[in-house]
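Here are the chains, one letter per residue:
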Amino acid sequence: MERVPILKIGEVLLVSIQIDLQDQTVLALQEDLADRIVRTGARGVIIDITAVDIVDSFIGRMFATIASMSRLMDAETVVVGMRPAVAITLVELGLSLGGVRTALNLEMGMRLLGAGVPGAGGAPARANGSGGGAGGRSGAAGPR
Amino acid sequence: MTTPPGDEMAIASNDDVVRVRQVVRAAAAAAGLSLVDQTKIVTAASELARNTFIYGGGGSVRVERAVSERGRAGVRIVFTDEGPGIPDVDQALTEGWTSGSGLGLGLSGARRLSDEFTLETQVGKGTTVTVTKWTR
Amino acid sequence: MSDEHRRAHIADLVRSRRDTVLDRWVELVAQGVRGRITAGELRTELAELYGLVERALAEPGGTAGGELRAALGEISRSRARQGFSPTETAISVFALKQAVHEQVEASGDTDAYGGFIAFSSFVDDLGLTTFEAYAAAREQVIADQAEQLMELSTPVVKLWEGILAVPLVGTLDSARTQVVMETLLQTLVETGSQFAVIDITGVPAVDTEVAQHLLKTVMAARLMGTDCVISGIRPQIAQTIVTLGIEFGDIATKATLADALTYALERSGVRIVGGAEG
């Protein structure tokens, strides 16, 4: 069984899923993440699923579990990079992902966690030049 | 009408569930399904393969090309197990109902994601679920 | 004389006078299709069919019947796609009747006449197969064209940095709504846009299925981390949505495209101030 690597960038843990997820891998990832959040005191978790071509109910439930689990440990979870076909399928499947926050890509996910990517601050065209904070549907997360 | 013979493979481990997804993806792409429809049927297959493994105690799956009455191409997947069967089919197809650790979206979700869905089950004998997805 | 005997008679005739009948058949079909297929191609095609007809006549109920239908289906489909008319397509089959009939007449054999009636209905059957395949293929062509038109009629436009809009005009059916949905979501990813406005000012009415699709689009957009606003809901459509009991929940809806844009700008942190000069 393969394990999904967890990277640490500042106060954020980054999980980039690049493999076809097997159920055991999913369970191991949940455990590994819980462990890493405690050890590193991370404030945020980003799960990058740009490379994932299907999310079934088991994998979807993992996102919700990780989100609730990390919230208990005072860390915010953002799922980034969901493909359109995957999103449409999840809606059809009837899975809402509960309280999981999502962002279009890694950069926006980092911003949502208030951990901006160095050198990728605000879009120059923006009138307020701040890069737009209140992206998520649940409003801005980080203090401003 | 069905073009013979489909790939038949065993579902005996978690790895097999992943393999079923790959086989179905390849078959759906070969049948000419759109990306969204491929994703839907692969997701349905993933749910059903997991059901076969966990609730059916393992079984087998057959993935085949199909042609509808109106001449549309498609992919048909048949999951068979010789497990305990489903005592109350209506309940099993109810959204959110689960007898195991799932979210209860396995059967009902797979039904919503496919164009045709049939379930045959006999308590003590086993279960066969067939799903089909046609090109649009 | 039995039916079977008569059929055998025709089968014999078709076999023994193969070259003459085939030549005549090719000639008749060539007139029908007016040189749009080369004589060589036509001959190869018809010779293959002829072989299958011979076998089908020699062993009724054998496998040749199925093969013959399949081959005819293939030819009809390719004719339909190449834009041949139904007559031009059907002549390929019906001309065989004439070619055989001429031989029957020339032979002066009365038994063959009896068999010809059965043969004639056999060819009619094949003609029906041909026509069904032709019609199905034409329908497919129309469906493909409809899809192309649909893609043309669903432009996704950029209103502002990070804000996209799909102005929908005309009747929305389930298929078109689905295409809109997929195109919109894909464009959100490609452009890294966080907001989408689906403007349905130009849509006269929606049914339950279409309303559900719009709803699903908004939900899918949210799952991807973007925000989707629906604008321009006409009174009739609002009524439909309420009457049908479709739950739009907390989905943002705005009266006009302008309102939707203002909303999206505010949400993305853009402040609109009047009077730049000071």
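Residue positions are counted from 1 within each chain, in the order its sequence is given. Lettering of chains starts at A and numbering of ligands starts at 1, both following the order in which they are written. At least 70 in pLDDT is required for a residue's local features to be given in this predicted model, at least 80 for side-chain atom pairs to be given and counted, and no such filter applies to totals for whole chains, interfaces and linings, which use all residues. Heavy atoms from the whole structure form the basis of all side-chain values; hydrogens and water molecules are not counted.

Draft legend 1. Focus on the overall build of chain C. We count a stretch as a helix when DSSP gives it H or I for four or more residues in a row; a strand needs E for two or more, and each element gets its number in order from the N terminus. For chain C, the count of helices and strands is 10 helices and five strands. Radius of gyration: over C-alpha atoms. The globule rule applied is 2.2 Å multiplied by the number of residues raised to the 0.38 power. Relative to the compact-globule value of 19 Å for 278 residues, chain C shows a C-alpha radius of gyration of 31 Å, a clear excess of over 25%. A contact between two residues is defined here by any heavy atoms of the two lying within 4.5 Å. The long-range share in chain C, meaning contacts at least 24 apart out of those at least 6 apart in sequence, stands at 73%. Here the open area of atoms and residues is found with the Shrake-Rupley method and a 1.4 Å probe, where only the protein chains shown may cover a residue. About 13,700 Å² of surface is accessible on chain C, with carbon and sulfur atoms providing 54% of the total. Neither His nor the chain ends is counted toward charge; the positive residues are Lys and Arg and the negative residues Asp and Glu. We put the charge of a Lys on NZ, of an Arg on CZ, of an Asp on CG and of a Glu on CD. The averaged location of the 38 negative side-chain charges in chain C is 1 Å from the averaged location of its 24 positive side-chain charges.

Draft legend 2. Local environment of the interface of chain B and chain A. If you look at the interface, chain B gives 21 residues, while chain A gives 21 residues. Buried area is a sum: the accessible area each of two parts loses on coming together, probed at 1.4 Å, counted once for each and added. Between chain B and chain A, a total of about 2,000 Å² is buried, with carbon and sulfur atoms accounting for 55% of that surface. For Arg50(B), the salt bridge goes to Asp56(A), with nearest N and O atoms at 2.7 Å. Whenever a nitrogen or oxygen atom comes within 3.5 Å of another N or O atom, the pair is scored as a polar contact, on the condition that within protein one atom can donate a hydrogen and the other can accept it, and that pairs from neighbouring residues in sequence are kept only if both atoms are in side chains. Inspection of the chain B/chain A interface yields 10 residue pairs in polar contact (both at pLDDT 80 or more). Within the residue set of the side of chain B that touches chain A, elements represented by two or more residues are helix H1 (14-30), helix H2 (35-54) and helix H4 (106-113) of chain B. If you tally residues by element for the side of chain B that touches chain A, the top one is H2(B), at nine residues. Note that Gly is not counted as nonpolar here; it falls among the polar residues with everything else outside the nonpolar set of Ala, Val, Leu, Ile, Met, Phe, Trp, Tyr, Cys and Pro and the charged set of Asp, Glu, Lys and Arg. For the side of chain B that touches chain A, the residue count by class is seven nonpolar, seven polar and seven charged. What makes a salt bridge here is a side-chain nitrogen of Lys or Arg within 4 Å of a carboxyl oxygen of Asp or Glu, nothing more.

Draft legend 3. Just unusual backbone geometry, in detail. Residues and elements named next belong to chain A. The backbone of Asp74 shows a phi angle near 65°, a positive value even though the residue is not glycine. Structurally, Asp74 can be placed in the loop between helix H2 (57-72) and strand S4 (76-80). Partly exposed residues are those whose accessible area sits between 20% and 50% of the maximum for their type, while under 20% is buried and over 50% is exposed, using a 1.4 Å probe and protein chains only. Accessibility expressed as a relative area gives 65% for Asp74, which makes it exposed.

Draft legend 4. The arrangement of the sheet that holds strand S2 (residues 12-16) of chain A in detail. All names here are of chain A. The strand order across the open sheet built from five strands is S1-S2-S3-S4-S5, with neighbouring strands paired in mixed fashion. Either end of the sheet is taken by a strand with one partner, and the two such strands are strand S1 (6-9) and strand S5 (101-103). Neighbour to neighbour, the strand axes of the sheet diverge by 25° on average, direction disregarded. Bridge analysis of strand S3 (residues 44-48) against S4 gives five bridges, and the strand direction is parallel. Paired with Asp48 across the two strands is Val80, which belongs to S4. Each pair of strands is called paired provided DSSP finds at least two bridges between the two strands. Where helices are involved, their axes are fitted lines through C-alpha atoms of the stretch in contact, as for all axes, and angles between N-to-C directions lie from 0 to 180°.

Draft legend 5. Layout of the domain arrangement of chain C. These domain boundaries are the output of an automatic or database domain assignment. Entries for chain C in the domain assignment read domain 1 (3-145) and domain 2 (157-267). A separation of 54 Å is found between the C-alpha centroids of domain 1 of chain C and domain 2 of chain C.

Draft legend 6. Structural detail: the nonpolar core. To form a nonpolar core, buried Ala, Val, Leu, Ile, Met, Phe, Trp, Tyr and Cys residues must be joined to one another through side-chain atoms within 4.5 Å. Ile17(A) and Phe63(A) are the most contacted members of the largest nonpolar core, which totals 109 residues. Examining the composition of this core, we find that eight residues originate from one element, helix H8 (residues 208-223) of chain C, more than from any other. Contacts of Phe63(A), omitting those with residues within four sequence positions, involve Ile47(A), Ile49(A), Val55(A), Val79(A), Leu97(A) and Val100(A). Counting residues in each nonpolar core, the second largest holds 37 residues, with Leu13(C), Leu28(C), Val29(C) and Phe119(C) among its members.

Draft legend 7. Expanded view of the sheet that holds strand S5 (residues 253-254) of chain C. All names here are of chain C. Across the sheet, which stays open at both edges, the five strands sit in the order S1-S2-S3-S4-S5 with mixed pairing between neighbours. Two strands lie at the open edges of the sheet, namely strand S1 (157-160) and S5, each paired on one side alone. When strand S3 (residues 195-202) meets strand S4 (residues 227-231), the two strands line up parallel, connected through five bridges. Among the inter-strand pairings, Phe195 is bridged to a residue of S4, identified as Asp227.

Draft legend 8. Inspection of the pattern of salt bridges at higher detail. Residue and element names in this part refer to chain A. With the rule as written, the count across this model stands at 30 salt bridges over all chains. The shortest N-O distance in the salt bridge between Glu11 and Arg43 comes to 3.2 Å. You can see Glu11 sitting in the loop between S1 and S2 and its partner Arg43 sitting in the loop between helix H1 (23-40) and S3, a full 32 residues away along the chain. Given the relative accessible area of 46%, Glu11 is considered partly exposed. According to the relative accessible area criterion, Arg43 is partly exposed, its value standing at 40%.

Draft legend 9. Region of interest: the pairing of S1(A). Residue and element names in this part refer to chain A. Here four bridges tie S1 to S2, and the two strands are oriented antiparallel to one another. Bridge pairing links Ile6 to Val15 in S2. Linkage of S1 to S2, two consecutive antiparallel strands, is achieved through a turn of two residues, within which Gly10 is found at a positive phi near 60°.

Draft legend 10. Representation of the packing of H1(A) against H2(A). Residues and elements named next belong to chain A. Where H1 meets H2, the axes come as close as 10 Å, and the angle between the chain directions of the two elements is 10°. Judged on the interaxial angle alone, H2 and H1 are roughly parallel. Listed contacts from H2 to Asp23, Val26, Leu27, Leu29, Gln30, Leu33, Ala34 and Ile37 of H1 are Phe58, Ile59, Met62, Thr65, Ile66, Met69 and Ser70. Class assignment for the residues of the contact of H1 with H2 results in 11 nonpolar, three polar and one charged. Our angle categories are set so that under 35 degrees counts as roughly parallel, over 145 as roughly antiparallel, 65 to 115 as roughly perpendicular, and the remainder as oblique.

Draft legend 11. Representation of the environment of Ala30(C) within the structure. Residue and element names in this part refer to chain C. Among the structural elements, Ala30 can be located in helix H2 (residues 18-33). Ala30 gets classed as partly exposed once you look at its relative accessible area, which sits at 31%. Each C-alpha atom of the pair Ala30 and Leu188 lies 54 Å from the other, and the pair is 158 residues apart in sequence. Among all residues touching Ala30, those that are not within four sequence positions of it are Gly35 and Leu42.

Draft legend 12. Seen up close, the packing of aromatic side chains. Residues and elements named next belong to chain C. Aromatic pairing here means that ring centres of Phe, Tyr or Trp (its six-membered ring) are within 6.5 Å. Orientation follows from the plane angle: under 30 degrees is stacked, over 60 is edge-to-face, and everything else is tilted. What the rule picks out here adds up to four aromatic pairs over all chains. On the basis of an interplanar angle of 50° and a centroid distance of 6.2 Å, the ring pair of Trp25 and Tyr50 is categorised as tilted. Residue Trp25 is located in helix H2, and its partner Tyr50 is located in helix H3 (residues 39-58); the two are separated by 25 residues in the primary sequence. Neither residue differs from the other here; Trp25 and Tyr50 are each classed as buried. Between Phe116 and Phe119, the ring centres sit 6.0 Å apart and the planes meet at 40°, which makes this aromatic pair tilted. Of this pair, Phe116 and Phe119 both sit in helix H6 (residues 110-152), three residues apart, roughly one helical turn. What links up through ring pairs into an aromatic cluster is the set Phe116, Phe119 and Phe122.

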